[in-house]
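Geometric and topological summary
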Amino acid sequence: EKHFNLTEHFILKEIVMIFFLVFAVQEIFGYKTQGWRRALCIAGYILSCGALLLLFYWKPEWDVWANCIRCSLEEADIVLLRTTDEFRIYSRKTVTWISVSALIRSRTDYPATAEEDSIFSKAIMKPSLQVKSIQVQKIRYVWNIYAKQFQKVGALEDHLTCSAIHAKFGSGLTCNEQNVRRVICGPNSIDVPVIPIWKLLIKEVLNPFYVFQLFSVCLWFAEDYMEYATAIIIMSLLSIFLTVYDLRQVRHLNSFHKEDFFLISGKGFQELESHHLVPGDTLVLKEGKTLLPCDAILISGQCIVNESMLTGESIPVTKTHLPQADNFEPWRMHCAEDYKKHVLFCGTEVIQTKADDRGVVKAVVLRTGFNTAKGDLVRSILYPKPMNFKLYRDALRFLMCLIAFAAIGMIYTVCVFVLNGEEAGEVVKKALDVITIAVPPALPAALTTGIIYTQRRLKKKGIFCISPQRINMCGQLNLICFDKTGTLTEDGLDLWGLLPSERNCFQDIHNFPADHSLPWGPVFRAMAVCHSLIVWQGKIQGDPLDVKMFEATNWVIDDSSGHHTEGQGPTYATVVRPGPKASSAPVEGVTILHQFPFSSALQRMSVIAQEIGGEQQVFTKGAPEMVAMLCRAETVPSNFESKLLLYTAQGFRVIGLACKSLQAGKQSTDLTREEVESDLTFLGLLIMENRLKRETKPVLEELSAARIRSVMVTGDNIRTAVTVAKNAGMISATNRVILVEANQVPGSFSASITWKPLEENKTEDYRSLQEDKLSWNALNNAVGLCYRHQSFTISLPFLSLQLLLNGTVFARMSPGHKSSLVEEFQKLDYFVGMCGDGANDCGALKVAHAGISLSEQEASVASPFTSQTPSIACVPELIREGRAALVTSFCMFKYMALYSTIQYLGVLLLYWQLNSFGNYQFLFQDLAITTVIGVTMSFTGAYPKLVPYRPPSQLISPPLLLSVVLNILFSLSMQIFGFVVVCVVSSTLEQTDNGYKSYENTTVWLLSTINCLIVALVFSKGKPFRQPIYTNYVFVVVLIVQLGICLFLVFADIDDLYSKMDLVCTPTTWRISMVIMLAVTLAVSFLVEEAVIENRPLWLLLKKTFRYHSKSQYKRLQRVLEEDSAWPPLNETFFSDSVTISVEGNMGGHSNPTFDSNEDAL
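Report on the accompanying structure. Since we're looking at a predicted model, the values are computed, not measured. (Residues numbered from 1 in each chain as written. Predicted model: local features only at pLDDT ≥ 70, side-chain atom pairs only at ≥ 80, totals over all residues. Heavy atoms only, no water.)

1. Description of the overall build of the protein chain
For clarity, the cut-off: Only DSSP runs of H or I with at least four residues qualify as helices, and only runs of E with at least two residues qualify as strands; both kinds are numbered from the N terminus onward. We call a residue buried when its accessible area falls under 20% of the maximum for its residue type, exposed when it is over 50%, and partly exposed in between, using a 1.4 Å probe and counting protein chains only. Only heavy atoms matter for contacts: two residues are in contact if any of them lie within 4.5 Å across the pair. Areas reported here follow the Shrake-Rupley algorithm with a probe of radius 1.4 Å; residue values treat only the protein chains shown as occluding.
Along its length, the protein chain carries 37 helices and 48 strands. Counting the 1162 residues in the protein chain, one finds 56% classified as buried. A separation of at least 24 residues holds for 73% of the contacts in the protein chain among residues at least 6 apart in sequence. As presented, the protein chain carries roughly 48,600 Å² of accessible surface, and 59% of it is formed by carbon and sulfur atoms.

2. Digging into the packing of aromatic side chains
To keep it simple, the criterion reads: Aromatic pairs are defined between Phe, Tyr and Trp rings, using the six-membered ring for Trp, whenever the two ring centres lie within 6.5 Å; interplanar angles under 30 degrees are classed as stacked, those over 60 as edge-to-face, and all others as tilted. A positively charged side chain is recorded as over a ring if its NZ (Lys) or CZ (Arg) lies within 6 Å of the ring centre. The angle to the ring normal must also be within 35 degrees.
Under the defined criterion, the tally for this structure stands at 22 aromatic pairs. Among the aromatic residues, those joined into a ring-pair cluster are Phe 810, Phe 825, Tyr 830 and Tyr 1114. Taking NZ or CZ as reference, Lys 132 lies 5.3 Å from the ring centre of Trp 143, over its face. Sitting above the plane of the Phe 1019 ring, Lys 894 keeps its charged end 4.5 Å from the centroid.

3. Some details on the sheet that holds strand 7 (residues 96-99)
The following threshold applies: Only when DSSP finds a minimum of two bridges between them are two strands counted as paired. What counts as an axis is a line fitted to C-alpha atoms, over the stretch in contact for a helix, and the angles between N-to-C directions run from 0 to 180 degrees.
Read from one edge to the other, the open sheet built from 4 strands follows the order 7-8-9-10, with strand pairing classed as antiparallel. With one partner strand each, in any of the chains shown, strand 7 and strand 10 (149-152) form the two edges of the open sheet. Between one strand axis and the next, the sheet turns by 40° as a mean value, whatever way the strands run. When strand 9 (residues 139-144) meets strand 10, the two strands line up antiparallel, connected through 4 bridges. Among the inter-strand pairings, Val 142 is bridged to a residue of strand 10, identified as Gln 151. Strands in contact with helix 6 (residues 175-185) are strand 7, strand 8 (130-136) and strand 9; relative to strand 9, the strand with the most contacts, it is inclined by about 110°.

4. Structural notes on the pattern of salt bridges
Quick reminder of the rule: Definition used for salt bridges: Asp or Glu carboxyl oxygen within 4 Å of a side-chain nitrogen of Lys or Arg.
Counted by the stated rule, this structure contains 24 salt bridges. Its salt-bridge partner being Arg 82, residue Glu 27 comes within 2.5 Å of it at the nearest N-O pair. Pair noted here: Glu 27 is in strand 3 (residues 25-33) and Arg 82 is in strand 5 (residues 78-83), with a separation of 55 residues, a long-range link. There is no split in this pair, since Glu 27 and Arg 82 are both buried. A salt bridge links Arg 577 to Glu 588, with the shortest nitrogen-to-oxygen separation between them at 3.4 Å. Of this pair, Arg 577 sits in strand 31 (residues 574-578) while Glu 588 sits in the loop between strand 31 and strand 32 (590-599), and the two are 11 residues apart along the sequence. You can call Glu 588 exposed: its relative accessible area is 54%. Because the salt bridges share partners, they merge into one network encompassing Arg 457, Lys 461, Glu 702, Glu 877, Arg 880 and Glu 881.

5. Details of helix 28 (residues 874-911)
In plain terms, the rule: In a helix, the anticipated span is given by 1.5 Å times the number of residues less one.
Helix length check: helix 28 (38 residues) gives 54 Å between terminal C-alpha atoms against 56 Å at 1.5 Å per residue, within 8%. Summarising burial for helix 28: 38 of the 38 residues are buried, a large majority.

6. Things to note about the nonpolar core
The test is simple: The term nonpolar core refers to a set of buried residues drawn from Ala, Val, Leu, Ile, Met, Phe, Trp, Tyr and Cys, joined through side-chain atoms within 4.5 Å.
Core analysis: the largest hydrophobic core is formed by 75 residues, its most contacted members being Tyr 895, Ile 929, Ile 933, Met 937 and Trp 1005. Residue contributions to this core peak at 19 residues, all from helix 28. Beyond its immediate sequence surroundings of up to four residues, Ile 929 is in contact with Tyr 895, Phe 924, Thr 1009, Cys 1012, Leu 1013, Gln 1042 and Cys 1046. The next biggest cluster of nonpolar side chains, apart from the first, holds 42 residues, and it includes Ile 463, Val 809, Phe 865 and Ala 885.

7. Some words on the side chain of Thr 489
With respect to the element layout, Thr 489 can be found in the loop between helix 17 (484-488) and strand 23 (494-502). For Thr 489, a relative accessible area of 0% translates into the label buried. Beyond its immediate sequence surroundings of up to four residues, Thr 489 is in contact with Lys 484, Asn 690, Arg 691, Leu 692, Lys 693 and Val 724.

8. Here we look at the pairing of strand 23
Here strand 23 runs beside strand 36 (residues 681-689); their pairing, made up of 6 bridges, is antiparallel. By the bridge assignment, Gly 497 is partnered in strand 36 with Ile 687. Relative to strand 25 (residues 510-511), strand 23 runs antiparallel, the two being bridged by 2 bridges. Note that in strand 25 the partner of Gly 497 across the bridge is Asn 511. Where strand 23 and strand 24 (residues 505-506) come together, 2 bridges link them in antiparallel fashion. For Glu 502, the partnering residue across the bridge sits in strand 24 and is Cys 505.

Interpretation note: all reported values are geometric properties and have no functional meaning in isolation.
Put into structure tokens, the structure is as follows:
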């Protein structure tokens, strides 16, 4: 697959690829309206009484094709968009014109300095001074005159360099530039308009399903079938009003955006409402709490931000200013994955600002409105990604088959009634009636009912769902990715020990808690200052690791101290001082002058600190291998690697510490990160204990027993991750683990992958640990994959697939890599679940088929499912309920198909005699039988044990089709036999014309009604995915009551009742014969369902006999690997020709554009 981004537009045959949040890539086609075509269409609307207009409403592409002719995008006044996914969904957009002539007095007045190379100057057409635009899913696109394509506005250009941002926007935009941008971009707001109820009602009523309902109801009223028509109207109205109510609930999204006032630095300072902000404006962030109304790049000072609204992580985040790097790289590429450390996101709260020597904290507006991170989240709710699930596609095909079935019945009906000389009006009514019988109007409602009940059961178990259509998908999950920290292991870390290093040698370990406190020295200073903690709401807040480390020193944070450095103005800095319980220290305190926040890409953080009255020092902490690489070789102990292996192999989380002194006179703000983090002195290893949650091992064992693959995806050290995997039972402790190292060959663009047993790496030099790593367990297909931040993709595609197929532990994974990994699994046709608890998992939670968040705060936006209980016990629970819901959907489909077919066959048989069911007979079958069964059949709960196979994922599968076909044949045989026998017998008896009343009618109606109950019982499956049928007490009682009423109608001989129900009294022997026929049908149906349809060994034998193999990619690969005697390769090295460098977290040449926008914003 080719990788596209917003700056790469390919023009081919007038097709331009544009990116949107939800539908990924869309193709855009230009069209021009033609007057005579338009006139013909209007005439068609009138002549068809609006039917053509309704058709165009459902199919916007037909509307465009009928009214317009194809033209270039430059000439177009209408554009047609088509998604490039499997859905191929069309949408129609009208081109609008924005005039800026009132703002630009002359050609020399524009562009200004900031506009020379911007989309704003390239979009204004001369001499009309107008801008051509379209709006798609709340995002505005304008026509670039030079590039001949539509481009997004409302955000700064991606090509801007760090120095360009500082130079062009550091002093703000001119008033004229602001006004032009304001008109072109629109207001900076995330307003979700509350659509009037009448509009929502009309839109809902125009749904094809409700149009069919309306057609059915009109037909029933014409036939005086008032009662059921009224019931359907009430049910439909209730459904419509519930949908409208849900849609109106989106008004709460408006609460995301608040009006604030900011100081803008243009020509001096001005105060402006936040909805007037435009990309390029420069904000001055005031002291105190501020809710950000846009995305902005920090260009001076430092901020502490609470991002819990976006990520669910309540830990404050430190933001640093964008460096003034003088190079030609775009700013995001220069900052790589760490660009988010400089971006303040919309909707987040600035808790604290810290000015530097430049005096004020400034930020340049990066994105506004729906282009922001918060806007992306709101759009993901407003325009959810369409679900591609075989069940829903098969359902549509199934309905098409029923319509075709109905068409045959219509032809038969017309022939029978016309040959018998019936009136034309009556023939039309009877023929149309066949459609409403063959296609069950209650089918969508019945399917929805099952999902709603499952959702309620999940809610009772503390699992909340915001995407109900994904529940059925959970029944197909066969691979679950787990985050490690906070998901498999406890959220908090305990400080276990400190292994200090002096003069190239490790000293005695210092255990925590200990009787004697840690002595004063460089290691103590590193623990006291090398963190990003703040005091917020009276408590120390920050990363749990930092909190534990700092608490071990018994020092306290004085966060309000003003610090004055020689040659600089006063700046606010964090000062740490000895607390009441602290051991004596020779200093009053230490000031943290500057921070380089933790970067998952660099795997470290650093601070510049100064003892009060002392010299400035640098302290660094991070991944031990990375810290050791930054240290002078003579300061790193020779047994560093073996000591690191000793602790990581026991499952400890190990952090490396280092420091160095800075030369006097150097200002901390002028130093680059590369200068600061070089030539360090190694101080030692901090050892943290991370315990498994008690639910982890039993849950993973349960998943393993159910043949559901478990994968660990973590940012931690590979050895720590492998040890945790062994402790959790993901990898057997007795099995060998193989480490696979991916190295970039120095000075070239080629790479190598080396496979070797993990144990043989004990003596490996730490300096070679720059590569990505994988571990593979040869006996139980357990593999660990470790990526570094530069994420290069090696040109060994088959090898990559082998690793994905066998991987169990994927370590050193960044948030972008987690999302990409899930996507790669999905490409192999796995149904992937992702379970995580933090902001780092946000992207993967959204990309997965079923994302399960263990963080309550993320319930609204981060994932489809949220567990109130922070343990992975929710995963098997969700799979159980998903399987039960999926099986319930199949049962409901089969029942509805049989119910409509049974009624359809009965009516066609009676049509032979120009007869039919009476209104009350229809009403009894439709309401008293089918509607009640449809509601109660879904009450059956999930079976408590996960079996080692999944339910079928599609309706068009041999067992399901065979079940439906055989039961149709049984019903047909029984009804035809009964009908023929009664016809023969009744021909010898005298019958008067009493409307619908006849022996044939009575026989066929009673047989078909009780047959519906038989089908409901036979299709109500219990084990292995649902609990036994007898546990659904309501359903059992309903069946017994319905059967009792039906048998009462068979044997009762009450004239008034029979008259009302259009029944006649038949001989007792015939009644007994009917019961025997029904009993035989029940026995045969039940026997076939159990002995054939549900006989798993039989179907497996048939598959083996006919050599049927699964078409899933991962199954095919497994078969190939089984035949490969050389797998796995040991002590071998493979080379690739090239390495594709991937930036911004995208994996090599592949990305999922659907979620790229979201991920970049988070």
